[in-house]
Amino acid sequence: MENDLYATPEHEAFRDTVRKFTGEVLKPRAREFDAAGCPDKALFKKMGDLGLLGLRYEAEYGGSELDWSFSAVMHDELGRCDNAGVCMSISVHTEMATPSLAQFGTPELKREYLAPAIAGESISAIAVTEPDAGSDVAGVKTRAVRDGDEWVINGTKTYITNARIADWFCLLAVTDPDAGYGGYSQIIVPNNLPGVRVDLLDKIGMWGSDTGQIHFEDVRVPVANTIGDIGRGFQQQMMQFQDERLVACITGLAGSEVLWEETKRWCEERQLFGRPLAKMQNTQFKLADLWVELQAARALNDAVVKQMCAGVDATKLTTAAKVFSVRVSMKVATECMQLHGGYGYMKESMAGRAFVDSRLAAIGGGSNETMLHYLAKQLGM
Amino acid sequence: MKVMVCLKQVPHQDARLDVNADGTWIQDGNIKFEINSYDTYALEEALKIKDAGEADVVVVSIGPDRVTQALRTALGMGADRAIHVKDDDADLSDTLGCAKILAAIAKEENPDIVFTGFMSDDGNFSAVAPMLAELLDLPSATGVLSVEVGDSLKCERELEGGALEVVELPKPCLAAIQTGANQVRYASLKGIMQAKKKPVDVKTMADLGVSDAGAGAVKAKIEKVYVPPKGDSAEILSGSTDEIVGQLVTKIKELGVL
């Protein structure tokens, strides 16, 4: 990430800290997290102690009140931890489940849920997707019915990252089925309440994070757990998605860059027909072509970060970056796996893992098709 | 109490190292750098003293603009101030030249303790620390694994074969710290932001009154840096441990090296 956006001594020193954390804490345990199927909670506490979990949030709750350039530096380094699943688990907590709370939550709610999240004492998850509603967010059916000062929640959320390790969910539920886009609310639901049940799901990739289906049966939470105004959940979630999509672009690209480097090294050492694979024109063309795409993806990601830092609407570019980064990550994974030959098909191979991990980005956080549909609308079509 | 810590910025351990065109060093224009790992343990020892009571920790480094990053990281970890010798000629110094520059700073700062790393990850000379101690006429210890601060500095140091030795140095003194001596802390985000307000003094050799360091004073010149050529072949021995040992002994005898 050679860019003026990230060139201050503070950015550099911060990058050193995250790189050291990634190198000393995450990378050595990368396969251990895969085997466990999730990162452990102590990891979040350590990150909280270092101030990594509330970069853009208010100092009053333990945050640092910085801009997206610091978040970008952090995720660019975390994305090199050799475990995309762990990376996703962390970014769900920092960029997907807490931004709405930080922006719209009441001081009481932020004291109760945001402050411990920033300290790494609690872990969060975002609960939007349902068995019949994914990228079509307006199709969610989970219902929250008001009963005095409480919501009574019923429904099922699925493909939820951090489902098992999360202490609370940022839930999107229907609170007024007749109010259209004004009928949804974001509600904080603790994971340990009666009526909450988590069933783990088995994924083909992203092994270092846990994913589950969450059932809510007559779960009661205070209406005070509503983030922002009742009925504004859909709009708030759409805003929260911007952070989710950008962090997916940044971590995905960082992982792809690491894989590209690793593949180049492999090709320089791998002998085929008496000479290194890297000396063959097909290899050179492929790696050079991938390098071009990685540069383009980085430039697009940086442009989004710049807009975020400037406080201008970055929706269009974020959507474009999501589409493009995903294509690049999938292409890098596919081509690098091919260059690795049989070894690339092994689970222990970085290329093999990237092949299944990168595939998720085309689905999660808004599928490619949804992104293109959304972008077309923004382009006036 | 004042503690001075000498830091060197070296290529990052993950950086790809290629020899430069004239074969005298590596291509360092487009690689990442970090604080020499030995020096991070030295800094941690200083910060532990600071944590335990009153201590002013000043970090010192010689090098180009990029060294600012190392110093800012050290300040973010808890050092109080930094001195950056930014001088193109100083960068060309050999180990003795570096020691002379650091000695000039130490004479200005008058620290009670000087900590350095035992060696550098890139040069591996282990020379600057003893030279610096000699130039300052300070008692010193190298290969130090732990220190105990009182009226003197008690140092536990590493010897050959895993043996340990304890020496007691009257202050002022110098200790060159070994890796693994402690658990090096991270620069927290809060620390990094606080470091913005901490001073970094930039000095040249002229500012320090040093004229016998830099390129003109180099006594040990690097003649050649190269990657050893690969051998033609390698033979992988197989079998049980006893069988492999037997084969290995036979090979060694055949080669006549015993």
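Residues numbered from 1 in each chain as written. Chains lettered and ligands numbered in written order. Predicted model: local features only at pLDDT ≥ 70, side-chain atom pairs only at ≥ 80, totals over all residues. Heavy atoms only, no water.

Novice: Help me get a handle on the overall build of chain A, residues and values and all.
Specialist: The number of helices and strands found in chain A is twelve helices and ten strands. C-alpha atoms of chain A, sized along the principal axes, occupy 80 × 45 × 45 Å. Within chain A, the fraction of its 381 residues that count as buried is 55%. Nonlocal contacts in chain A, meaning residues at least 24 apart in sequence, comprise 74% of its contacts between residues at least 6 apart. Surface exposure of chain A reaches about 15800 Å², of which carbon and sulfur atoms provide 54%. (Helix = DSSP H or I, 4+ residues; strand = E, 2+ residues; numbered from the N terminus. Buried < 20%, exposed > 50% of the residue type's maximum accessible area, 1.4 Å probe, protein only. Contact = heavy atoms within 4.5 Å. Areas by Shrake-Rupley, 256 points an atom, 1.4 Å probe, with all protein chains shown as cover.)

Novice: Just give me the short version of the interface of chain A and chain B, but keep the residues and values in it.
Specialist: Opposite the 23 residues of chain A that make contact, chain B presents 16 residues. Between chain A and chain B, a total of about 1700 Å² is buried, with carbon and sulfur atoms accounting for 58% of that surface. Considering only the side of chain A, the residues that lose the most area to chain B are E10(A), R19(A) and L50(A), jointly responsible for 30% of the buried surface there. Counting every contact that joins chain A to chain B gives one salt bridge. With its nearest N and O atoms 3.3 Å apart, the salt bridge here joins R16(B) to E268(A). Linking chain A with chain B are six residue pairs in polar contact (both at pLDDT 80 or more), by the criterion used here. (Buried area = accessible area lost by both parts, 1.4 Å probe. Salt bridge = Lys/Arg side-chain N within 4 Å of Asp/Glu carboxyl O. Polar contact = N/O pair within 3.5 Å; in protein donor to acceptor, adjacent residues only side chain to side chain.)

Novice: Just give me the short version of the sheet that holds strand β5 (residues 81-85) of chain B, but keep the residues and values in it.
Specialist: Residue and element names in this part refer to chain B. Reading across from one edge, β9-β8-β7-β10-β6-β1-β4-β5-β11 is the order of the nine strands in this open sheet, with mixed pairing throughout. The sheet is open, and its two borders are formed by β9 (164-170) and β11 (200-203), each paired with just one other strand. When the angles between neighbouring strand axes are averaged without regard to direction, this sheet yields 30°. Note that strand β7 (residues 140-149) and strand β10 (residues 173-177) share three bridges and pair parallel. Of the residues in β10, the one forming a bridge with V144 is I177. Sitting on the sheet, helix α3 (residues 95-109) touches β1 (2-7), β4 (56-62), β5 and β11, and the angle it makes with β4 is about 150°. (Pairing = 2+ DSSP bridges. Axes fitted to C-alpha atoms, helices over the stretch in contact; angles between N-to-C directions.)

Novice: Please set out helix α12 (residues 368-378) of chain A residue by residue, giving values where relevant.
Specialist: Turn by turn, an α-helix covers 3.6 residues, leaving residues three or four places apart pointing in a common direction. Residues and elements named next belong to chain A. Residues of α12 that are buried: N368, M371 and L375. Along the axis of α12, the buried positions cluster into a sector of 60°, meaning they face one direction only. Across α12 from its buried face, at more than 90 degrees, point the exposed residues E369, H373 and K377. For α12, the secondary structure elements touched by its buried residues are α8 (233-269), α10 (315-339) and α11 (350-361). Of the residues flanking the end of α12, it is G380, one or two places downstream, whose phi is positive at about 85°. (Arc of directions from axis to C-beta.)

Novice: Describe the environment of Q240(A), listing the residues and the values that go with them.
Specialist: Residues and elements named next belong to chain A. Position of Q240 among the secondary structure elements: in helix α8. Given the relative accessible area of 2%, Q240 is considered buried. Along the sequence, Q240 and N154 sit 86 residues apart, while their C-alpha atoms lie 23 Å from each other.

Novice: Give a description of the domain arrangement of chain A that names residues and reports values.
Specialist: Residues and elements named next belong to chain A. Assigned domains within chain A: domain 1 (4-123), domain 2 (125-231) and domain 3 (235-378). Between the C-alpha centres of domain 1 and domain 3 the distance comes to 21 Å. Facing 26 residues of domain 1, the contacting portion of domain 3 comprises 23 residues. Here domain 1 packs against domain 3, burying approximately 2100 Å² in sum over the two surfaces, 65% of which is carbon and sulfur. Summed over the three residues of domain 1 that lose the most area to domain 3, namely W68, R80 and M96, the buried surface amounts to 29% of that side. Across the contact surface, domain 1 and domain 3 share four salt bridges. Salt-bridge contacts for D82 lead to R353; the nearest nitrogen and oxygen are separated by 2.8 Å. Where domain 1 touches domain 3, the interface holds eight residue pairs in polar contact (both at pLDDT 80 or more). Among the elements of the structure, α2 (30-36), α4 (68-78), α5 (84-96) and α6 (99-104) are those that each provide at least two residues to the side of domain 1 that touches domain 3. If you tally residues by element for the side of domain 1 that touches domain 3, the top one is α5, at six residues. Looking at the side of domain 1 that touches domain 3, its residues break down into eleven nonpolar, seven polar and eight charged. (Domains from an automatic or database assignment. Nonpolar A, V, L, I, M, F, W, Y, C, P; charged D, E, K, R; others polar.)

Novice: I'd like a description of unusual backbone geometry, backed by residues and values.
Specialist: Trans is the prevailing form of peptide bonds, just as negative phi is the prevailing case for residues other than glycine. Backbone torsion omega between K171(B) and P172(B) reads 0°, so that peptide bond is classified as cis. With respect to the helices and strands, the residue P172(B) is situated in the loop between β9 and β10. Even without a glycine there, the phi angle at D218(A) is positive, about 50°. On the secondary structure map, D218(A) appears in strand β7 (residues 211-222).

Novice: Residue-level account of the environment of Q183(B), with values.
Specialist: Topologically, Q183(B) is positioned in the loop between β10 and α5 (189-195). Separated by 143 residues in sequence, Q183(B) and T40(B) have C-alpha atoms that sit 9.6 Å apart.

Novice: Let's hear about the packing of α5(A) against α8(A): which residues, and what values?
Specialist: Between two packed helices, what matters for the description is the angle formed by their axes and the separation of those axes. Residue and element names in this part refer to chain A. Two elements in contact, α5 and α8, have axes separated by 9 Å at closest approach and are oriented at 150°. Our classification of the angle between α5 and α8 gives roughly antiparallel. The chirality of how α5 crosses α8 is right-handed. Across from C87, S91, E95 and M96 in α5, the residues of α8 making contact are Q240, D243, E244, V247 and T251. In terms of residue class, the contact of α5 with α8 is built from three nonpolar, three polar and three charged. (Parallel < 35°, antiparallel > 145°, perpendicular 65-115°, else oblique. Left-handed = near helix turned anticlockwise from the far one by under 90°.)

Novice: Which residues make up the packing of helix α1 (residues 9-26) of chain A against helix α2 (residues 67-77) of chain B, and what are the values?
Specialist: The geometry of α1(A) relative to α2(B) is characterised by a closest axis approach of 9 Å and an angle of 70° between their N-to-C directions. With respect to their mutual orientation, α1(A) and α2(B) come out roughly perpendicular. The handedness of the crossing between α1(A) and α2(B) comes out as right-handed. Of the residues in α2(B), those in contact with P9(A), E12(A), A13(A) and D16(A) of α1(A) are Q69(B), R72(B) and T73(B). Grouping the amino acids of the contact of α1(A) with α2(B) by side-chain chemistry returns two nonpolar, two polar and three charged.

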